[in-house]
Amino acid sequence: MASENTVCDAPTAVPSQSALPNNNTSQPDSDLPANSTSSTNPDAAGPNRRDNRNRRGNDKFNANGRRRGQDFKRNGSGRDRDSRGPPNKRERNEKEWQERKRRRLDEDGNPTKPSEPSYMSIQFPEEEIAAEERRPKRKVAVMIGYDGTGYHGLQINHKEKTIEGDIFAALVAANAISKANADDLRKSSFVRCARTDKGVHAAGNMISLKLITGDPDLVKKINENLPPQIRVWGIQRTNNAFSCYQSCDSRWYEYLMPSYCLLPPHPESFIGKKVLESVKEQGVEEEYAKRLGEVKDYWDEVRKNDIQPILDSLEPNVRETVMRRMNAIVNDSDDAKTTEDTAKPEQADEISPDVPAETEEVALESKTEGEPIDASDLAQHDPAEESNIETGATVTQTEGDKKSEVKKPKEMHPVDRALKQLKAAFLAAKRRYRTTPERISQLQQALDQYKGTHNFHNYTIRKSHSDPSAKRTIRSFVVNPQPIQINDTEWLSLKVHGQSFMMHQIRKMVGMAVLVTRCATPLSRISESYESNQISIPKAPGLGLLLERPVFETYNKRARDQYNLAELDFGNYEKEIQEFKDSQIYRHIFELEERENSFHTFFHQIDNYKLGYFLWVTAGGIDAAVTRTGVIPKELEDELGDDGEEDAES
């Protein structure tokens, strides 16, 4: 969860430095008369020591009555004020901002138009700006929610479609930002509370800025100019110095995942084999079986009830080949790929269990490796059709001068069809799983290990154990004991409350807790991850992550006791937020998982990666894992990569 970059407040107009009176250039460097004699001349010494002491005391002050060097220190070096730097950082930023603003003028002094459209700048004709009525602005907090699907994250930029870009345009359209200020977001002192990246959602987030708030229907007008997946919940007056980023005390995030993520690795997968081997080597079979509980023999039952009936229905020669290659389905090796899988690898393991394998898009009929095609399989086709199907060609028919191409239906080889059915059966068996209170309790025990202040250097990127910023405080991490069922999949909701989060931290915390649970790994492994050892922790899919709400405890106390202002509380909009989550965020997460099988693909990849990065889940401990050095392997970029998403530091 790169660091959050807040946008500096836009300065108000002030006179330029050159317009200020220059009182120093005409002043002498000393307050002594120009013709006074140097005190170093013994002949010119005063009549007594008291005069000398008085003169030395006077030498400490200049003609302005200040100690010598005080003006120099305060205003910088140089002989005159124009050459001195700004007195402080705020004025320096102000001067740089004004200079950038001046550079946007052409030779005639007219504002230049951007070379290409920008989401950060909305341009209006000069005559419209001049005719616009000037209205007062007020510092406010804008409470928002959004479904991040289709957006390049929250933070506005010039070229990409972002949540803030649409909100900024809606504020301008609703006349909450004047046309004169629409060309630069910084003029409104725009600040975001928590940055979310590409595809990440937020039920509650906040921006603070200066808005024209006189319209009682302002929230309604803003929402009318926003798509349904972005909502403004409310606008609330704050004190003028308020920054939602700096004033945020903590944040709540929610993570949704299918309960089948708690199933143990398939015993024929790489991780599954290594876990069983290490359990036997360490002599902890009894403890391992106890922690797995009712899921210990889950995959044996799937083989008996789901896989074996498919095998029994096959012709003997087809069954032999399929059985030889069946383990490759579990291990996702090239031997298990059909002709279509080879041509389109991105579609592997994305078979909907609701659709019979025969109705899936089928591959060209071809020889499967090690299996000849029986001539009887092609007997129903005439030779011309067989030729066209095998080469993927189309039949061209001529009717007079018109030509039309008729695409022949593609046939799937029986082995390919069986492999498709087996993949669908494995995935359907996962979705059919319903977790138990005991299994949820084990996950909660793992999540409890995160509470308190710990060194989370292994849960982010580019941070060492000695980096003080790697220490973060988690107030709570709770899994809802009541799963919910959507279609054929059962879902779990995890909620984490923390002061701040680093990039990927939440997703890696979920990844670690789930792996520890599904592999019956000792809970001490989580505590060991806070130590100086470097271990590779996969980050769970970003699909399930959403920002629940930020918390402003300290500010709310001041607002109530000192400012006489209302508290910032998302609870005032609980009903609207829940309806939005159900209709926009949750629905999208559920539909996307059914369509893309994100969680199935994630754990399938982890279970079958053979370099040993994740062998710390075994009874052999952290020493059994391979320490990753250098560049992240391409096939693990999604699991370990440094692309930003939520999880920009917040």
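Residues numbered from 1 in each chain as written. Predicted model: local features only at pLDDT ≥ 70, side-chain atom pairs only at ≥ 80, totals over all residues. Heavy atoms only, no water.

### Here's the deal with the overall build of the protein
Here is step 1: Helices and strands together make up the secondary structure of the protein, namely 21 helices and 12 strands.
Here is step 2: Every one of the 650 residues in the protein was classed for burial, and the buried ones make up 45%. (Helix = DSSP H or I, 4+ residues; strand = E, 2+ residues; numbered from the N terminus. Buried < 20%, exposed > 50% of the residue type's maximum accessible area, 1.4 Å probe, protein only.)

### Looking at the pairing of strand 11 (residues 489-498)
Here is step 1: Most of strand 11 is tucked away: 9 of the 10 residues are buried.
Here is step 2: The sheet contact formed by strand 5 (residues 250-258) and strand 11 spans 8 bridges and is antiparallel. Within the sheet, the bridge partner assigned to P258 lies in strand 11 and is W491.
Here is step 3: One ladder, built from 5 bridges, connects strand 9 (residues 471-479) with strand 11; its direction is antiparallel. Bridge pairing in strand 11 links I474 to G498.
Here is step 4: Here 3 bridges tie strand 10 (residues 484-486) to strand 11, and the two strands are oriented antiparallel to one another. Looking across to strand 11, one finds that Q485 is bridged to E490.
Here is step 5: Between strand 10 and strand 11, which follow one another and run antiparallel, lie 2 residues, and N487 among them has a positive phi close to 55 degrees. (Pairing = 2+ DSSP bridges.)

### So, the pairing of strand 1 (residues 138-146)
Here is step 1: Counted residue by residue, strand 1 has 8 buried out of 9 residues, so it is predominantly covered.
Here is step 2: Taken together, the 7 bridges between strand 1 and strand 4 (residues 230-237) define a ladder with antiparallel strand orientation. Considered in strand 4, the bridge of G145 is made with R231.

### Observations concerning the packing of aromatic side chains
Here is step 1: This model, assessed by the stated rule, comprises 21 aromatic pairs.
Here is step 2: With a centroid separation of 5.7 Å and 40 degrees between ring planes, the pair formed by Y609 and Y613 is classed as tilted.
Here is step 3: According to the relative accessible area criterion, Y609 is buried, its value standing at 8%.
Here is step 4: Taking relative accessible area as the criterion, Y613 reaches 9% and is therefore assigned buried.
Here is step 5: Here Y613 and F614 contribute two aromatic rings whose centre-to-centre distance is 6.4 Å and whose plane-to-plane angle is 90 degrees, an arrangement assigned as edge-to-face. Like Y613, the residue F614 is buried in the burial classification.
Here is step 6: One aromatic cluster in this structure is built from Y255, W491, Y586, F590 and F599. (Phe/Tyr/Trp six-rings, centres within 6.5 Å; stacked < 30°, edge-to-face > 60°.)

### A word on the confidence of the model for the protein
Here is step 1: For the protein, mean pLDDT is 77; residues scoring 70 or higher make up 65% of the total.
Here is step 2: In the model, residues 70-86 has pLDDT below 50 throughout and makes 32 contacts with residues more than four positions away in sequence or in other chains. (pLDDT = per-residue confidence, 0-100. Contact = heavy atoms within 4.5 Å.)

### Digging into the nonpolar core
Here is step 1: Membership of the largest hydrophobic core comes to 135 residues, with the highest contact counts inside it found for M206, M257, Y450 and W616.
Here is step 2: Among the elements that line this core, the one with the most residues is helix 16 (residues 505-518), at 8 residues.
Here is step 3: Among residues more than four places away in sequence, those in contact with Y450 are F456, Y459, I474, F477, K508, M509, M512, A513, I526 and Y530. (Core = buried A, V, L, I, M, F, W, Y, C linked by side-chain atoms within 4.5 Å.)

### Thoughts on the pattern of salt bridges
Here is step 1: Using the criterion set out here, one finds 22 salt bridges in the structure.
Here is step 2: Between R518 and D607 there is a salt bridge, and its shortest N-O distance comes to 2.8 Å. Here R518, found in helix 16, pairs with D607, found in helix 20 (residues 598-607); they are 89 residues apart in sequence, far enough to count as distant.
Here is step 3: What makes R518 buried here is its relative accessible area of 4%.
Here is step 4: Overall, the relative accessible area of 6% leaves D607 in the buried class.
Here is step 5: Here the salt bridges share partners, and the residues they tie into one network are E254, K495, E548 and K581. (Salt bridge = Lys/Arg side-chain N within 4 Å of Asp/Glu carboxyl O.)

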